[in-house]
Amino acid sequence: MSLKGKRIILALSGSIAAYKAVYLLRLLKKAEAVVKVVTTPSVDHFVGELTLSSLSGEKVFSGLWNENWSEHVSLGTWADLMVVAPATANTLAKMANGLCDNALTAVYLAARCPVMVAPAMDADMMIHPRTQANLQTLKADGVQVLPSGTGFLASGLEGPGRLLEPEEIFEAISLRLTEGPLSGKKVLVSAGPTREALDPVRFISNRSSGKMGYALAKVASQMGAEVTLVSGPTHLDAPARVNLIPVLSAADMLEAIQTKASAQDAIVMAAAVADYTPLKVADQKIKKKTGDDMNIPLKRTLDILRTIGADKPAQQVLVGFAMETENELENAQKKLVAKNLDFVVLNSLREAGAGFGHDTNRVTLIHRNKEVQALPLMSKEAVAAAIWQEVCNILALH
């Protein structure tokens, strides 16, 4: 993603995390962006103005009462994007309430460009209702609020409030300022296994790790899409800028998807959904009986892919996955037709490095016109990129 010539205001407020903004500034300059730095008075306690001006190649705007006191007006009309990183609780509160007592808040109120904030503060401050309300106010005003990281903080506490790493903020800036092939599109991805309860303790599930679905969600976001990820239980962190809807059972997943399906430009169903669920879920833990075997009556779950395929809008692209162990092409082609898919992704458990749990995958794309496209063994993110490229090709024809 090229930022060459993009005009960016990098605004720092006084936080121990301000050192990360120095690295972010370096990344932006390396990407050939034109960066002007704005600071609050307290930033000098953490990062020197000489460092910021040397790296940016521009004079730092740090006060309203120097010879450049009106620079906030020209900066507000100059920039393609204003990024506040780190954004402290104090600065966020001022921005949310329209206060204007320093260079940063003056530039914010004069800005005609999109604004992005990356919060940084102690955990208790981050979760305080007032801070959360201020963040919601900024979102309602159209400000893009990046998530805070979670981990060890300068106070010694552990929790939310860490400033995102410079590379993560840089990626968010790049996505905001560059058009991707899925920009303006809404997509939904399903991922992971489902759990079908037997009793309050036990459940039936499968070996899906969710890695393929999460890779699809991450790559779609990088390509500019607004992404909803409906996921069964996994140990994976949701990709940045993705709306995660966690679910447990097949019924939960169907309900979550149906509420979103009609508004999507594309849906890719990568989840490993249970085909069967217990006929009855015990209220109490099922006790073991000596010498007795256990029989568990099962019933079919509703077929999510068939259900949404039956109601698929004409302009929507619907993609399914087929995990097969025999008669692979034949079975995948049957699924393609029966469930009204635009194409199906055939996964084989017999391929080394493919299938559940791996970071790589080897798939075959099967289209409605019976074209078969076999991909080599690749990382799951590379596979995801190939799938989304096919989706883009179909969307362009609609």
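How each quantity is defined
Residues numbered from 1 in each chain as written. Predicted model: local features only at pLDDT ≥ 70, side-chain atom pairs only at ≥ 80, totals over all residues. Heavy atoms only, no water. Helix = DSSP H or I, 4+ residues; strand = E, 2+ residues; numbered from the N terminus. Buried < 20%, exposed > 50% of the residue type's maximum accessible area, 1.4 Å probe, protein only. Contact = heavy atoms within 4.5 Å. Areas by Shrake-Rupley, 256 points an atom, 1.4 Å probe, with all protein chains shown as cover. Core = buried A, V, L, I, M, F, W, Y, C linked by side-chain atoms within 4.5 Å. Pairing = 2+ DSSP bridges. Axes fitted to C-alpha atoms, helices over the stretch in contact; angles between N-to-C directions. Parallel < 35°, antiparallel > 145°, perpendicular 65-115°, else oblique. Left-handed = near helix turned anticlockwise from the far one by under 90°. Nonpolar A, V, L, I, M, F, W, Y, C, P; charged D, E, K, R; others polar. Disulfide = S-S within 2.5 Å. Patch = residues over 30% accessible without salt bridge, like charges linked within 9 Å, V, L, I, M, F, W, Y side chains within 5 Å. Salt bridge = Lys/Arg side-chain N within 4 Å of Asp/Glu carboxyl O. Phe/Tyr/Trp six-rings, centres within 6.5 Å; stacked < 30°, edge-to-face > 60°. Lys NZ or Arg CZ within 6 Å of the ring centre and 35° of its normal.

1. Quick look at the overall build of the protein
(1) Moving on: When helices and strands are tallied, the protein shows 13 helices and 21 strands.
(2) Moving on: Its C-alpha atoms put the protein at 85 × 55 × 35 Å along the principal axes.
(3) Moving on: The buried share of the protein, taken over its 398 residues, is 49%.
(4) Moving on: Taking the contacts inside the protein whose residues are at least 6 apart along the sequence as the reference set, 67% of them involve residues at least 24 apart.
(5) Moving on: Carbon and sulfur atoms provide 51% of the accessible area of the protein, an area that totals close to 19,700 Å².

2. Brief notes about the nonpolar core
(1) Moving on: Counting residues in hydrophobic clusters, the biggest one holds 36 residues, and the most contacted among them are L216 and W388.
(2) Moving on: Those elements that provide at least two residues to this core are strand 8 (186–191), helix 9 (211–222), strand 11 (226–231), strand 13 (266–269), strand 16 (317–324), strand 17 (343–348), strand 19 (363–367) and helix 13 (380–397).
(3) Moving on: If you tally residues by element for this core, the top one is helix 13, at 9 residues.
(4) Moving on: Core analysis: the second largest hydrophobic core is formed by 33 residues, I8, L10, L25 and L81 among them.

3. Regarding the sheet that holds strand 11
(1) Moving on: Strand order in the open sheet formed by 8 strands is 12-11-8-13-16-17-19-20, and the pairing between neighbours is mixed. Only two strands of the sheet have a single partner each, and these edge strands are strand 12 (242–246) and strand 20 (372–374). For this sheet, the mean inter-axis angle between neighbouring strands, taken without regard to orientation, is 15°.
(2) Moving on: As paired elements, strand 19 and strand 20 share 3 bridges and run antiparallel to each other. Its bridge partner being in strand 20, L365 is matched across the sheet by Q373.

4. Focus on the packing of helix 9 against helix 13
A pair of packed helices is characterised by two quantities: the angle between their axes and the separation of those axes.
(1) Moving on: Two elements in contact, helix 9 and helix 13, have axes separated by 8 Å at closest approach and are oriented at 60°. The angle between helix 9 and helix 13 places the two elements in the oblique class. Judged by the sense of rotation from one axis to the other, the crossing of helix 9 with helix 13 is right-handed. Side by side, helix 9 and helix 13 meet where K211, M212, A215, L216, K218, V219 and A220 of the first sit next to K380, E381, V383, A384, A385, I387 and W388 of the second.
(2) Moving on: Grouping the amino acids of the contact of helix 9 with helix 13 by side-chain chemistry returns 10 nonpolar, no polar and 4 charged.

5. Here's the deal with unusual backbone geometry
(1) Moving on: Residue P86 is reached from A85 by a cis peptide bond, and omega for that bond is 5°.
(2) Moving on: Along the chain, P86 falls in strand 3 (residues 81–87).
(3) Moving on: Positive phi is not limited to glycine here, since E32 has a value of about 70°.
(4) Moving on: Mapped onto the secondary structure, E32 falls in the loop between helix 1 (18–30) and strand 2 (34–39).
(5) Moving on: You will see that K370, though not glycine, has its phi angle at about 70°, which is positive.
(6) Moving on: Assignment of secondary structure puts K370 in the loop between strand 19 and strand 20.
(7) Moving on: Residue classification places K370 among the exposed positions, given a relative accessible area of 66%.

6. What about the state of the cysteines?
(1) Moving on: Scanning all chains against the criterion turns up 0 disulfides.
(2) Moving on: With no disulfide of its own, C100 lies closest to C113 among cysteine sulfurs, the gap being 15 Å.
(3) Moving on: With relative accessibility at 44%, the residue C100 sits in the partly exposed group.

7. Observations concerning a nonpolar patch on the surface
(1) Moving on: Residues Y276, M294, I296 and L298 make up a contiguous nonpolar surface patch of about 380 Å² in total accessible area.
(2) Moving on: Among the secondary structure elements, I296 is positioned in the loop between strand 14 (276–278) and strand 15 (298–300).

8. Considerations on the sheet that holds strand 5 (residues 144–145)
(1) Moving on: If you walk across this open sheet you meet the 5 strands as 2-1-3-4-5, and the pairing is parallel. The sheet is open, and its two edges are formed by strand 2 and strand 5, each paired on a single side.
(2) Moving on: Examined bridge by bridge, strand 1 (residues 7–12) and strand 3 share 4 bridges and lie parallel to one another. Bridge pairing in strand 3 links A11 to V84.
(3) Moving on: Contacts from helix 1 reach strand 1, strand 2 and strand 3 within the one sheet, and its direction differs from that of strand 1 by about 170°.

9. Quick look at the packing of aromatic side chains
(1) Moving on: Going through the model one piece at a time under the given rule, you end up with 0 aromatic pairs.
(2) Moving on: Over the ring of Y276 we find R300; its NZ or CZ atom is 5.4 Å from the centre of that ring.

10. Side note on the environment of K335
(1) Moving on: Counting through the fold element by element, K335 comes out in helix 12 (residues 328–338).
(2) Moving on: For the pair formed by K335 and R306, sequence separation is 29 residues and the distance between their alpha carbons is 9.1 Å.
(3) Moving on: Residues in contact with K335, not counting those within four places in the same chain, are L305, F321, A322 and L341.

11. Here we look at the environment of A240
(1) Moving on: Relative to the helices and strands, A240 resides in the loop between strand 11 and strand 12.
(2) Moving on: As a C-alpha pair, A240 and K218 span 22 residues in sequence and 7.3 Å in three-dimensional space.

12. Considerations on the pattern of salt bridges
(1) Moving on: Evaluation of the coordinates by the stated rule reveals 11 salt bridges.
(2) Moving on: With its nearest N and O atoms 3.8 Å apart, the salt bridge here joins D80 to R7. Residue D80 is found in the loop between helix 3 (71–78) and strand 3, and its partner R7 is found in strand 1; the two are separated by 73 residues along the sequence.
(3) Moving on: What makes D80 partly exposed here is its relative accessible area of 25%.
(4) Moving on: Between K20 and E165 there is a salt bridge; the shortest N-O distance is 2.9 Å. With K20 in helix 1 and E165 in the loop between strand 7 (158–162) and helix 8 (166–177), this residue pair connects regions lying 145 residues apart in the sequence.
(5) Moving on: Here the residues in one salt-bridge network are K20, R162 and E165, joined through shared partners.

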